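# Breakdown of the fold
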Amino acid sequence: MKKNIWENVYYRLKDPVEIKLAILYVIFYADIPVSDVELKHCMLEATSVDFLDLCDIIGQLISENHMKTVWRDEMDKYVLTPSGEDMISMFENKLLPSVKNSLKHSVDQYYKNETSRKSLRCDVVPITDQLFQVELELKEGKTSLLALSLFAGNKNKALSMCRGFRHNPYEAYEKITALLTEFDEEDNQ
């Protein structure tokens, strides 16, 4: 069997304009705010770009107002500005198809792994020194199925509620949905 010698060959991005377009394309394709770590991970995974050039060009894109930072999920994340959206719309065809495919694959793989980890969230939040609440969230992809904040009282009860939610979050979702739609079923009788 003949080995494919081109299998692990990356396209080396050296031209600053190509690097700028690739960065804008990652944010455009992800279609959600992207953190600095996520952006660099996807760029380095998909292409063979120099890390220092990458950092420098991210700064240039911000200073040129093609992208900006916004506060999401308790951290700064990058989004495209209208001029950045215009730039990637006009010049997306200047990126090689192999580079775009590699960037798409990298973004898809990264967020596939991230979304499976972030599909369930349960936090114990102190209200006072002795009182706590739990914040529960269940997601399916980008869609939030359940987002709920409940008063728990003491810390042990809050921890118990989190364990119960983590054990079977879909059952909790189904029970809450059934409880809330029970009123409609009584009216129809």
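Here the structure is a predicted model, which is why all the values come from computation and not from measurement.

Given two aromatic rings, their pairing is described by the distance between the two centres and the angle made by the two planes. All told, the structure shown has two aromatic pairs when counted by the stated rule. Ring geometry for Tyr25 against Phe28: centres 6.5 Å apart, planes inclined by 40°, an arrangement best described as tilted. Taken as a pair, Tyr25 and Phe28 lie in helix α1 (residues 16-30) at a separation of three residues, close to a single helical turn. What makes Tyr25 buried here is its relative accessible area of 3%. Geometrically, the ring pair formed by Tyr25 and Tyr29 is stacked, given 6.2 Å between the ring centres and 15° between the ring planes. Placement of both Tyr25 and Tyr29 in helix α1 is noted, with a separation of four residues, approximately one turn of the helix. Aromatic rings pair up to connect Tyr25, Phe28 and Tyr29 into one cluster.

For the structure on display, the rule yields seven salt bridges. Lys100 is the partner of Glu92 in a salt bridge, and the nearest nitrogen-oxygen pair spans 3.6 Å. In this structure, Asp123 and Arg121 form a salt bridge, with 2.5 Å as the shortest nitrogen-oxygen distance. Looking at Arg121, the relative accessible area reads 32%, which means it is partly exposed. If you follow the salt bridges from partner to partner, you end up with Arg121, Asp123, Glu135 and Glu137 in one network.

What the three strands build is an open sheet, ordered β1-β3-β2; its pairing is antiparallel. Both outer strands of the open sheet, β1 (34-35) and β2 (67-72), are each paired with one neighbouring strand and no more. Here β2 runs beside strand β3 (residues 75-80); their pairing, made up of six bridges, is antiparallel. Paired with Lys68 across the two strands is Val79, which belongs to β3.

Close contact between α1 and helix α3 (residues 51-63) brings their axes to 10 Å; oriented N to C, the two are set at 70°. Considering their axes alone, α1 and α3 lie roughly perpendicular with respect to each other. Contact residues: Pro16, Ile19, Lys20, Ile23 and Leu24 in α1; Asp53, Leu54, Ile57, Ile58, Gln60 and Leu61 in α3. Of the residues in the contact of α1 with α3, the class split is eight nonpolar, one polar and two charged.

What counts, and where the lines are drawn
- Residues numbered from 1 in each chain as written.
- Predicted model: local features only at pLDDT ≥ 70, side-chain atom pairs only at ≥ 80, totals over all residues.
- Heavy atoms only, no water.
- Phe/Tyr/Trp six-rings, centres within 6.5 Å; stacked < 30°, edge-to-face > 60°.
- Helix = DSSP H or I, 4+ residues; strand = E, 2+ residues; numbered from the N terminus.
- Buried < 20%, exposed > 50% of the residue type's maximum accessible area, 1.4 Å probe, protein only.
- Salt bridge = Lys/Arg side-chain N within 4 Å of Asp/Glu carboxyl O.
- Pairing = 2+ DSSP bridges.
- Axes fitted to C-alpha atoms, helices over the stretch in contact; angles between N-to-C directions.
- Parallel < 35°, antiparallel > 145°, perpendicular 65-115°, else oblique.
- Contact = heavy atoms within 4.5 Å.
- Nonpolar A, V, L, I, M, F, W, Y, C, P; charged D, E, K, R; others polar.

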